[in-house]
Amino acid sequence: MAEGTAGYRDILKAPHAARLLTGTLIGRLPNATAPVAIVLFTRAEGGSYSLAGGLAAVYGIATAIGQPLLGRAVDLHGQPRVQFPAAVVSALGMVLLAAVGIGALPLAYAAVAVAGVFTPPLEGGLRALWPSVLGREDRVHRAYAMDAVAQEVMFTVGPLLVTLLVSLWSAAAALLVINVIGLIGALSVVLSEPSRGWRSAPREAHWLGALRSPGLLALLGALFFVGLALGSITVAAIAYADDHGQESVYGWLMAALGLGALIGGTAYGARQWAGAPERRLRAIVALLALGYLPLALTPGVVAMTALAALSGVFLAPAIACAFIVVDRHAPSGTVTESFSWLVTTFGVGAAVGTAVAGPAVELGGTSWSFAVAGAGGIAAFLVLMTTQRVLAVPARSKGIAVAIPGSSENDRNGAAEPGFSSGREA
């Protein structure tokens, strides 16, 4: 573990690494907090859980449409020309929502749709930058784990920040402040030297883009259900807090979930793993599903907080391992698009989970909404089990570059494994 901790410090000491990681996390704050911010805003305006879930679902669907398209634009035109303009338009969408409220529902739905479509693909962009910033394949894989941990911390801290802003000012003010902070983060990333200098590898012209990879499609199917599980927990935790008459309970549950992800992700990234990452991902997702199932018992606050922490332990490792699998199955020249598909599929799953958990609370109570999380975990595992053959070997079709040992588009030290290929500096 000490060696792994030293490895994390080594990554953060690399030129530009800390800035890129911090800027990306801050820039993604609006996206990380959108589901809970929309729910709290809608409830503050007098809307129902179902309406809140519907708005969140539209945001998620819009993100699903926008992320891969923007990711492909980044691969074709570079990061600065796409990322920051998209961040500005997305923020304006949330400003519109805060201004019109839910009194004019068509405008409210249009506002969240605009915010979702133009959410900048900062996460996919960071994955594409790591090879050129860190060089060695082992450092890049460790960075994926560190990134996953930081992301889960953000998904924990972000909602807590939203609830704090709501309590200090209002739900509308929370939307505005979060999006201003996000713009600052996006600007920090696109002004950095690696972002300005990065160019994608040559790509084969194909209308399907990254989706021509069967392995990537299988992975996206599994990660959709992982996202569904996590999204349902967000709404279920709010309902659980309402049941116990304490808003602070929601904060405790989200903090415990983040703590579990922090512990699991840090431990996962602190060691080198042997064997195919596809097989390892199946085992991790199985454990993740087992961690979600007990949440439906909805015991007392102390026990529930412990269960929330346990359910988070395998989340960051699952995401970090998925990053590696994406890198092995992404067609050459589509790295940002491929990672953006993963991000957006996860986000769509989270939005669907939010939308499903809302009616589940109203129909069967809080335990039903937590049961959605368990069902999502099981479904993710089943997808990975039924697509073992597709995921067994990274598929590289005609016209798709194959990275071989001792040769990589990014690895100047020749340390990359087969299938490790992300992009190149100009």
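Residues numbered from 1 in each chain as written. Predicted model: local features only at pLDDT ≥ 70, side-chain atom pairs only at ≥ 80, totals over all residues. Heavy atoms only, no water.

(A) Representation of the environment of Gly23 in the model. Among the secondary structure elements, Gly23 is positioned in helix H2 (residues 17-27). The class of Gly23 is buried, set by a relative accessible area of 4%. With 160 residues separating them along the chain, Gly23 and Leu183 place their C-alpha atoms 9.6 Å apart. If we skip the residues at most four places from it in the chain, Gly23 touches Gly185, Ala186 and Val189. (Helix = DSSP H or I, 4+ residues; strand = E, 2+ residues; numbered from the N terminus. Buried < 20%, exposed > 50% of the residue type's maximum accessible area, 1.4 Å probe, protein only. Contact = heavy atoms within 4.5 Å.)

(B) Highlighting the packing of helix H3 (residues 29-44) against helix H4 (residues 49-77). Contact geometry of H3 with H4 gives a least axis separation of 8 Å together with a crossing angle of 155°. In terms of orientation, H3 and H4 fall into the roughly antiparallel class. At the point where H3 passes H4, the crossing takes the right-handed sense. Facing H3, whose interface residues are Pro30, Asn31, Ala34, Ile38, Val39, Thr42 and Arg43, H4 presents Tyr49, Leu51, Ala52, Leu55, Ala56, Tyr59 and Thr63. Looking at the contact of H3 with H4 residue by residue, the classes come out as 10 nonpolar, three polar and one charged. (Axes fitted to C-alpha atoms, helices over the stretch in contact; angles between N-to-C directions. Parallel < 35°, antiparallel > 145°, perpendicular 65-115°, else oblique. Left-handed = near helix turned anticlockwise from the far one by under 90°. Nonpolar A, V, L, I, M, F, W, Y, C, P; charged D, E, K, R; others polar.)

(C) Seen up close, empty space enclosed by the protein. Counted according to the given criterion, the structure contains five cavities of 30 Å³ or more. Roughly 470 Å³ of volume is contained in the largest cavity. Surrounding the largest cavity, 36 residues form its lining, Ala32, Phe155, Leu230, Phe346 and Ala350 being those nearest its centre. Contributions of two or more residues to the lining of the largest cavity are made by H3, H4, helix H8 (137-168), helix H11 (214-243), helix H12 (247-269), helix H15 (315-329) and helix H16 (335-364). (1 Å grid on protein atoms, 1.4 Å probe; cavity = no way out; pocket = protein on both sides within 12 Å on 5 of 7 lines; lining within 4 Å. Points joined across faces, edges and corners; volume = space filled by probe spheres on them.)

(D) The arrangement of the packing of aromatic side chains in detail. A complete count under the given rule lists six aromatic pairs for this structure. Here the aromatic rings of Tyr144 and Phe323 are separated by 5.7 Å at their centres, their planes lie at 70°, and the arrangement is edge-to-face. Taken together, the residues span a long stretch of sequence, with Tyr144 in helix H8 and Phe323 in helix H15 at a distance of 179 residues. Under the relative-accessibility criterion, Tyr144 is labelled buried at 0%. Residues Phe323 and Phe339 carry aromatic rings whose centres are separated by 6.3 Å and whose planes lie at 80° to one another, so their mutual orientation is edge-to-face. Pair noted here: Phe323 is in helix H15 and Phe339 is in helix H16, with a separation of 16 residues, a long-range link. Ring-pair connections join several aromatic residues into one group, and the members of that group are Tyr144, Phe323 and Phe339. (Phe/Tyr/Trp six-rings, centres within 6.5 Å; stacked < 30°, edge-to-face > 60°.)

(E) The arrangement of the nonpolar core in detail. Ranked by size, the top nonpolar core spans 114 residues in total, and within it Trp130 and Tyr292 carry the most contacts. In terms of residue count, H11 provides more of this core than any other element does, 15 residues in total. If sequence neighbours within four positions are ignored, Trp130 has contacts with Ala17, Leu21, Gly135, Val140, Ala143, Tyr144 and Asp147. (Core = buried A, V, L, I, M, F, W, Y, C linked by side-chain atoms within 4.5 Å.)

As far as function goes, none of this settles anything; it's purely spatial.
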